[in-house]
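# Observations on the three-dimensional arrangement
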Amino acid sequence: MTIVTTPVAAPDIHVNVGEAAVLRERGVMASVGLGSCVAIVLHDRVARVGGMAHVLLPHEALSRTPGKPSRFATTAVGHLLTLMRDLARAAEPGATVDAAEARIVGGASMFAALLNGGGINMGERNVHATRRALAAAGIPLVAEDTGGDFGRSVYFDVATGELRVTSIRHGERLL
């Protein structure tokens, strides 16, 4: 992780809770205010495609409103891959997304002081479920900034592959 001091580029797309987005060749995606949520960032330099999902829960069974694949760690990875493949093929028929790498950010325990020893740490559960989903899809996890008790925001530049993580408590760094 590298500490950075250059200004954050204005995002082209804001990826809100439970949403996913993909871009090809250029553009910046952002997820702001990650607490226990996890931002999954996939990037395939060969296909020049990147995607981001803002995961709220580890799996659908914990939700009263199922059906939105980018909301859950267990389904967000596959959903992002489908979106990335569709975008790559739309730009170049026959293109593939075979070299995707992952980075994840978030999964904090924002209210640790309120949990007793047996409390549920949703951030930790989100991180574990995300790691399992990435492993099941065969996507290498190359970097992460997870856990702790502080929020984060992420800015992903598809052209350069740069992932900037910002937090009030810990400043900015590249992942």
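Residues numbered from 1 in each chain as written. Predicted model: local features only at pLDDT ≥ 70, side-chain atom pairs only at ≥ 80, totals over all residues. Heavy atoms only, no water.

### Points about the overall build of the protein
- Across its full length, the protein holds 2 helices and 11 strands.
- Each helix and strand of the protein, placed in order from N terminus to C terminus, yields the pattern β-β-β-β-β-β-α-β-α-β-β-β-β.
- Residue burial in the protein is summarised as follows: out of 175 residues, 46% are buried.
- Put simply, 64% of the contacts in the protein that link residues at least 6 apart link residues at least 24 apart.
- Here the protein has roughly 8400 Å² of accessible surface; of this, 55% comes from carbon and sulfur atoms. (Helix = DSSP H or I, 4+ residues; strand = E, 2+ residues; numbered from the N terminus. Buried < 20%, exposed > 50% of the residue type's maximum accessible area, 1.4 Å probe, protein only. Contact = heavy atoms within 4.5 Å. Areas by Shrake-Rupley, 256 points an atom, 1.4 Å probe, with all protein chains shown as cover.)

### Remarks on the environment of Arg125
- With respect to the helices and strands, Arg125 occurs in helix α2 (residues 122-137).
- By relative accessible area, Arg125 is classed as partly exposed at 32%.
- Remark: the alpha-carbon pair of Arg125 and Gly107, spanning 18 residues in sequence, is separated by 7.8 Å.

### Quick notes on α2
- In a regular helix each residue adds 1.5 Å, so 16 residues correspond to 22 Å; α2 covers 22 Å between its end C-alpha atoms and thus fits that length.
- Burial in α2 covers these residues: Gly123, Asn126, Val127, Ala129, Thr130, Ala133 and Leu134.
- Those residues of α2 hidden inside the fold are in contact with β5 (38-44), β6 (49-55), α1 (73-91), β7 (101-106) and β8 (141-146).
- The N-cap of α2, judged by a side-chain oxygen 3.1 Å from the amide nitrogen of Gly123 a few residues on, is Asn121.
- Immediately beyond the C-terminal end of α2, within one or two residues, lies Gly138, with a positive phi of roughly 75°. (Expected span 1.5 Å × (residues − 1). Polar contact = N/O pair within 3.5 Å; in protein donor to acceptor, adjacent residues only side chain to side chain.)

### Focus on the packing of α1 against α2
- Contact geometry for α1 and α2: axes closest at 8 Å, N-to-C directions at 40°. It follows from the interaxial angle that α1 and α2 lie oblique. Remark: the crossing between α1 and α2 carries right-handed chirality. Where α1 abuts α2, its residues Ala73, Thr74, Val77 and Leu81 lie against Asn126, Ala129, Thr130, Ala133, Leu134 and Ala137. (Axes fitted to C-alpha atoms, helices over the stretch in contact; angles between N-to-C directions. Parallel < 35°, antiparallel > 145°, perpendicular 65-115°, else oblique. Left-handed = near helix turned anticlockwise from the far one by under 90°.)

### Side note on α1
- Between its first and last C-alpha atoms α1 spans 28 Å; for 19 residues at 1.5 Å apiece the expected length is 27 Å, and the two agree.
- Those residues of α1 that fall on the buried side of the exposure criterion are Ala73, Ala76, Val77, Leu80, Leu81, Met84 and Ala88. Seen end-on, α1 carries its buried residues on one side only, within an arc spanning 130°.
- Where α1 is buried, its residues touch β3 (20-24), β5, β6 and α2. (Arc of directions from axis to C-beta.)

### Some remarks on the pattern of salt bridges
- Inspection of every chain in the model, using the stated rule, returns 11 salt bridges.
- For Glu92, the salt bridge goes to Arg48, with nearest N and O atoms at 3.0 Å. Here Glu92, found in the loop between α1 and β7, pairs with Arg48, found in the loop between β5 and β6; they are 44 residues apart in sequence, far enough to count as distant.
- The structure contains a network of salt bridges with shared partners spanning Arg24, Glu25, Arg26, Arg48 and Glu92. (Salt bridge = Lys/Arg side-chain N within 4 Å of Asp/Glu carboxyl O.)

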